[in-house]
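Below, each chain spelled out in residue letters.
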Amino acid sequence: MVHNFNAGPSILPKEVFQQASEAVLNYQNSGLSILEIGHRTSTFQAVMDEARALVKELMQLDADHEVLFLHGGASTQFMQVPMNLLDDKETAAYADTGVWGIKAIKEAKLFGKVEVVCTGKESNYTIIPKDFAVPNDAKYFHITTNNTIYGSQWQKIPKTSIPLVGDMSSDIFSRVIDFNAFDLIYAGAQKNMGPAGVNLLVVNKNILGKVKRAIPTIMDYRNHIKEGSMLNTPPVFAVFVCMLTLRWLKALGGIAAVEKLNDAKAVLLYQEIDSNPLFTGTVAKEDRSKMNVCFVMKDTSLEEAFLNFTKEKGIAGIKGHRLVGGFRASLYNALPISSVEVLVQAMKEFAVTNG
Ligand SMILES: *Cc1c(COP(=O)(O)O)cnc(C)c1O
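So, how was this worked out
- Residues numbered from 1 in each chain as written.
- Predicted model: local features only at pLDDT ≥ 70, side-chain atom pairs only at ≥ 80, totals over all residues.
- Heavy atoms only, no water.
- Pairing = 2+ DSSP bridges.
- Helix = DSSP H or I, 4+ residues; strand = E, 2+ residues; numbered from the N terminus.
- Axes fitted to C-alpha atoms, helices over the stretch in contact; angles between N-to-C directions.
- Contact = heavy atoms within 4.5 Å.
- Phe/Tyr/Trp six-rings, centres within 6.5 Å; stacked < 30°, edge-to-face > 60°.
- Buried < 20%, exposed > 50% of the residue type's maximum accessible area, 1.4 Å probe, protein only.
- Polar contact = N/O pair within 3.5 Å; in protein donor to acceptor, adjacent residues only side chain to side chain.
- Disulfide = S-S within 2.5 Å.
- Domains from an automatic or database assignment.
- Buried area = accessible area lost by both parts, 1.4 Å probe.
- Near = heavy atom within 4 Å.
- Areas by Shrake-Rupley, 256 points an atom, 1.4 Å probe, with all protein chains shown as cover.
- Nonpolar A, V, L, I, M, F, W, Y, C, P; charged D, E, K, R; others polar.
- Salt bridge = Lys/Arg side-chain N within 4 Å of Asp/Glu carboxyl O.

Asks: Give a detailed account of the sheet that holds strand S4 (residues 113-119), specifying residues and quantitative values.
Replies: What the seven strands build is an open sheet, ordered S2-S10-S9-S8-S5-S3-S4; its pairing is mixed. Of all strands in the sheet, those with a lone pairing partner are strand S2 (65-71) and S4, marking the two edges. The average angle at which neighbouring strand axes cross in this sheet is 20°, direction not considered. Strands S2 and strand S10 (198-204) of the sheet are contacted by helix H2 (residues 42-59), whose axis makes an angle of about 130° with S2.

Asks: How would you explain the packing of aromatic side chains if you had to name every residue and give the values?
Replies: Applying the stated criterion across every chain, the model contains 13 aromatic pairs. Plain terms: the ring middles of Phe78 and Tyr186 are 6.2 Å apart, the flat faces sit at 75° to each other, and that makes the pair edge-to-face. Residue Phe78 is found in helix H3 (residues 74-85), and its partner Tyr186 is found in strand S9 (residues 184-188); the two are separated by 108 residues along the sequence. Pairwise contacts between aromatic rings join Phe279, Phe295, Phe306, Phe309, Phe327 and Phe350 into one cluster.

Asks: Got a sec to walk through the side chain of Ser289? Specific residues and values, please.
Replies: Tracing the backbone shows Ser289 in the loop between strand S11 (279-281) and strand S12 (292-297). For Ser289, a relative accessible area of 0% corresponds to the buried category. At 2.9 Å, the side chain of Ser289 forms a polar contact with the backbone nitrogen of Met291.

Asks: Just give me the short version of the state of the cysteines, but keep the residues and values in it.
Replies: Summed over all chains, the structure comprises zero disulfides. Free cysteine: Cys118, not disulfide-bonded; nearest cysteine sulfur from Cys294 at 19 Å. Cys118 gets classed as buried once you look at its relative accessible area, which sits at 7%.

Asks: Please provide a residue-by-residue account of the domain arrangement of the protein, values included.
Replies: In terms of domain boundaries, the protein breaks down into domain 1 (14-252) and domain 2 (254-354). Taking only C-alpha atoms into account, the centre of domain 1 sits 27 Å from that of domain 2. Across the boundary between the two partners, domain 1 contributes 30 residues, which contact 27 residues of domain 2. Between domain 1 and domain 2, roughly 2,200 Å² of surface is buried when both sides are summed, and carbon and sulfur atoms account for 56% of that area.

Asks: Describe the site of the ligand, naming the residues involved and giving the relevant values.
Replies: Around the ligand, a shell composed of 13 residues is seen, among which Ser75, Thr148, Asp167, Gln190 and Lys191 lie nearest. Within the side chain of Gln190, a nitrogen or oxygen atom sits 2.8 Å from an oxygen atom of the ligand. For the ligand, an oxygen atom lies 2.6 Å from a polar atom in the side chain of Lys191. Protein coverage of the free-state accessible area of the ligand, which is 390 Å², stands at 87%. Here the shell around the ligand gets three residues from one element, more than from any other, and that element is H3. Looking at the shell around the ligand, its residues break down into three nonpolar, eight polar and two charged.

Asks: Describe the environment of Ser161, naming the residues involved and giving the relevant values.
Replies: With respect to the element layout, Ser161 can be found in the loop between strand S7 (152-153) and strand S8 (164-167). Accessibility expressed as a relative area gives 62% for Ser161, which makes it exposed. Here Asn136 takes part through its side chain, which lies 2.9 Å from a polar atom of the side chain of Ser161.

Asks: Hey, could you go over the environment of Asn276 for me, with residue numbers and the actual values?
Replies: Within the secondary structure layout, Asn276 lies in the loop between helix H7 (254-275) and S11. Its relative accessible area of 3% is what places Asn276 among the buried residues. Considering only alpha carbons, one finds Asn276 and Cys242, 34 residues apart in sequence, at a separation of 38 Å. When neighbours within four sequence positions are excluded, Asn276 is seen to be in contact with Lys298, Met347, Lys348 and Ala351.

Asks: I'd like a rundown of the pairing of strand S14 (residues 327-330), residues and numbers included.
Replies: In S14, alternate side chains face the same way, and those of Phe327 and Ala329 on one face and Arg328 and Ser330 on the other are all buried. Pairing of S12 with S14 involves four bridges; the strand directions are antiparallel. Each bridged residue has a counterpart across the sheet, and for Cys294 the counterpart in S14 is Arg328.

Asks: A description of the environment of Trp248 should follow, citing residues and the corresponding values.
Replies: Residue placement: Trp248 occurs in helix H6 (residues 236-252). Residues Trp248 and Glu107, spaced 141 residues apart in sequence, show a C-alpha to C-alpha distance of 35 Å. When residues no more than four places from it in sequence are discounted, the contact partners of Trp248 are Pro13, Glu15, Val16, Asn333 and Ala334.

Asks: Tell me about the sheet that holds S12, and name the residues and values.
Replies: Here we have three strands laid out as an open sheet, ordered S11-S12-S14, and antiparallel in their pairing. Across the chains shown, the open sheet's two edge strands, defined by having one partner strand only, are S11 and S14. Averaged over all neighbouring strand pairs, the angle between strand axes comes to 35°, with direction disregarded.

Asks: Give me the lowdown on the pattern of salt bridges, citing residues and values where you can.
Replies: All told, the structure shown has 13 salt bridges when counted by the stated rule. In this structure, the salt-bridge partner of Asp274 is Arg288, at a minimum N-O distance of 2.9 Å. Residue Asp274 is found in helix H7, and its partner Arg288 is found in the loop between S11 and S12; the two are separated by 14 residues along the sequence. According to the relative accessible area criterion, Arg288 is buried, its value standing at 11%. Connected via shared salt-bridge partners are Asp274, Lys285 and Arg288.

Here it is as structure tokens:
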């Protein structure tokens, strides 16, 4: 048994893999694979419709918010968002909470002006900035709701009078928040939703159509909305697997139910980090992520030995990002609490023999 703590691509429910693999061989006893039917058939149309409807339902989106499945990763949205929302003499506000936010800022500068209204840089991104002001005349304010690399997370979503944009790649569908408070949400699928290659995009249609530039057809959100997220051939398999994961999440009881499970996993692991003499957390307690738990050893010379020790127990994917070092355990929706229990037990055992 492997306990999969990978940061992304990452764990998905076992039954989703089972259903997906059956659909690749013979979809609904049609004698055809889900991969060899036209995207405009009623068969695939039903998949796209259900996937979009499940997002609306699970996030409780209002009628102004449209749901799209778009090609590419979250990195595509770093440029597609400003292309659709920001004219070249206008300013967008961004929060700098680490690598992904910095990449988003870099792309936005290609389309307009950027004001970085807060940064966690001085603390090596171990905190989420608290005291800052967002200019009222900025076109939108962009945050990264969960910082996958550092293990920090916005526990309170900032209130703004201007449109709020969120990169939710690594905490989408993991906790109850007011999704309608965001005018645009994007997330690469491969952390909590499905395979790589597709983005979920949620957008309040009222913020679109305001920029003067000509937008290439495939980049203009309005065209995708008009065509029901079927402007061209969508990444059919990735969308299909997202639909299966969303069905799984709904059957589990939705976002509120999975949040309870996620909270229990995070509490268990952070409690061990805080009480075990060998380990220490890297992020300010109030800003800790419930999705990506980052920690180091007080004696870093023991880290390799601990990594090898956990490997023997079937624990996979806990090596930290090179920018932070140490360990990162990603506790995405599909990870069972039993895997966290195995990791916690390994930490306890290691402390006994190396304390
Ligand atoms: C993984 C990640 C990205 C990059 O996603 P790609 O799909 O590889 O482009 C962007 N933002 C966050 C928060 C991420 O975790």
